[in-house]
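What the coordinates show
Below are the chains, spelled out letter by letter.
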Amino acid sequence: MGGLTDRYAEHERAKQVLSAQYAALPAGAPVKLAKKTSNLFRFSSGKEQRPAGLDVSAFDQVLSVDPVAGTADVQGMVTYERLVDATLVEGFMPFVVPQLKTITLGGAVAGLGIESSSFRNGLPHESVLEMEILTGDGQIVVATADNEHAELFHAFPNSYGTLGYTLRLKIELQPVRPYVKLRHVKFADAEECWATMARICAEGSHDGEPVEFVDGTVFSPDEMYLTLAAFTDDDVYADGEPSDAGSVRTSDYTGEKIYYQSLRERTTDYLTIHDYIWRWDTDWFWCSRAFGVQNPEIRRFWPRRYRRSDVYRKIVAFDRRHRLTSRWAKLRKQPQQEAVIQDVEVPVENGPKFMDFFHREIGIEPVWLCPLRLRGDKSWPLYPLHPGELYVNVGFWSAVDLKPGQPDGFHNRLIEDAVTANGGHKSLYSTVHYDEDEFWRLYNGEKYAAVKAAYDRDRRLPDLYQKCVRMG
């Protein structure tokens, strides 16, 4: 009990220090967090004046896990890697765990997170019971769905730190079992693939077996896979454990084997729940191939501790900052490339049409699919998905050659138009090219302005358009 008390006492002291930091900033000075890691893909030029950074390094702990209530009390800067470690030992996991280990809980709530449980559990903010928020006015408030700060609570998701920063969150957890069985179902036709995905998400089963997790991978217009996963009663043993005859062993995709390649190689697989949660992180989905890490000769000597998404992201940030790839392409007289790194949501019935456009005009492969349905019966104002409707997140992270006369941003703007035409929305963690009127129409500018005026009267924090477009 003493350790628990100490953690909460440290949390209160950290709040006092942070409040003092905020009060010491010059009047009218803009504010941001001083963070060592980021999963945003908006890279600044480094030439603009940087606002003062608040040191939030003390807010990175799991305060408590209550296995009886099925909840956790967590500081806002805790990574999902640390959170999962703390909850799995109690037999629980968060309702939605985004795919990358260094995404923070506060970041997933202020932005948007998604994973293969989202067709059942929605988005991470839907399992939040209360948030302790440092607002743009420098006040620390506790917001819930039905207290005096309910408007802030509901507007916080997709606000990207422009309404304040979460210092503590109380979240719901779901019980887990040790092992997960995966089934990889191949399709050659997009209409059939998306229709099957809609049916599975509605029924929660496929071929007589339960389905608790769903995602998909598109390798080409005529090769795609749905991965259907569920906790299993099969006789499963982890690598290294003694096993009985007839039992099955889990796979390990943190070493020489690569998870996404296994989708084409086997129809059934088994993972520990820990390895299932982080199956995409070792190779940053498939993006580690850009660094040669999927080459067996390089992989053998690339330390396992560096096979993780945050390492790859730092390499990309260094490259963007110094324009190394761009300069090398210019020296070799190769076409300039446009980074096309986006996650978008489209209604499931419009998915094949969107993918036909995407294959024809963009041509990136592979592409990730992840179905999503809001967990509750209400919409969240800054990312207005319709309750009860099934959407599919389409994720693509690569670069496209620019033809002569095409400006940087050409392909991203095509995608934005196609997403809007198909009744969808795009996440704001990467580059955004909407003009201001269109942006506020899509992301509920009227509601945002009201909450911004109530909690950041002096506009110490940038507004959402400035943060996502002008500062990108």
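Calculation notes
- Residues numbered from 1 in each chain as written.
- Predicted model: local features only at pLDDT ≥ 70, side-chain atom pairs only at ≥ 80, totals over all residues.
- Heavy atoms only, no water.
- Helix = DSSP H or I, 4+ residues; strand = E, 2+ residues; numbered from the N terminus.
- Rg over C-alpha atoms; globule rule 2.2 N^0.38 Å.
- Buried < 20%, exposed > 50% of the residue type's maximum accessible area, 1.4 Å probe, protein only.
- Areas by Shrake-Rupley, 256 points an atom, 1.4 Å probe, with all protein chains shown as cover.
- Pairing = 2+ DSSP bridges.
- Arc of directions from axis to C-beta.
- Contact = heavy atoms within 4.5 Å.
- Axes fitted to C-alpha atoms, helices over the stretch in contact; angles between N-to-C directions.
- Phe/Tyr/Trp six-rings, centres within 6.5 Å; stacked < 30°, edge-to-face > 60°.
- Core = buried A, V, L, I, M, F, W, Y, C linked by side-chain atoms within 4.5 Å.

Scanning the chain from terminus to terminus reveals 16 helices and 20 strands. In terms of C-alpha radius of gyration, the chain reaches 22 Å, essentially the compact-globule figure of 23 Å for 472 residues. Buried residues in the chain amount to 55% of all 472 residues. Just so you have it, the chain exposes about 20800 Å², and 51% of that area is on carbon and sulfur atoms.

Moving on, we get to the pairing of strand β6 (residues 128–135). As a general feature of sheets, a regular strand has side chains that alternate between the two faces. Burial analysis of β6 places six of its eight residues in the buried class, the great majority of the element. In the sheet, β6 pairs with strand β8 (residues 164–175) via seven bridges, with the strands oriented antiparallel. What sits directly across from Thr135, in β8, is Gly164.

So, on to helix α2 (residues 80–88). If you check which residues of α2 are buried, you get Tyr80, Leu83, Val84, Thr87 and Leu88. Mapping the buried residues of α2 onto a view down its axis gives an arc of 120°, with all of them on the same face. In this fold, the buried residues of α2 make contact with β3 (62–66), β4 (71–75), β5 (92–94), α3 (105–110), β8 and α8 (273–277).

Let's shift gears to the sheet that holds strand β13 (residues 223–231). Taken in spatial order, the eight strands make up an open sheet running β16-β9-β13-β12-β18-β19-β17-β20, and their pairing is antiparallel. The two strands at the open ends of the sheet, each matched to only one other strand, are β16 (268–272) and β20 (425–426). Along the sheet face, helix α6 (residues 190–203) touches β9 (179–187), β12 (213–220), β13, β17 (337–347), β18 (367–372) and β19 (391–401) and points at about 15° away from the line of β13.

A separate point is the packing of aromatic side chains. Taken as a whole and judged by the stated rule, the model has 28 aromatic pairs. Ring geometry for Trp280 against Phe285: centres 4.5 Å apart, planes inclined by 15°, an arrangement best described as stacked. Judged on exposure class, the residue Trp280 and its partner Phe285 are both buried. Measuring from ring centre to ring centre gives 5.4 Å for Phe291 and Tyr312, while their planes differ by 10°; the resulting arrangement is stacked. Here Phe291, found in the loop between α8 and α9 (296–299), pairs with Tyr312, found in helix α10 (residues 309–322); they are 21 residues apart in sequence, far enough to count as distant.

A word on the nonpolar core. Core analysis: the biggest nonpolar cluster contains 87 residues, and Leu105, Ile273 and Phe439 have the highest contact counts within it. Sequence-distant contacts of Phe439, defined by excluding residues within four places in its chain, comprise Leu428, Val432, Tyr434, Leu464, Tyr465, Cys468 and Val469. Residues Val344, Val367, Val392 and Ala418 belong to the second largest nonpolar core, which totals 34 residues.

That's the geometry; what it means functionally is another story.
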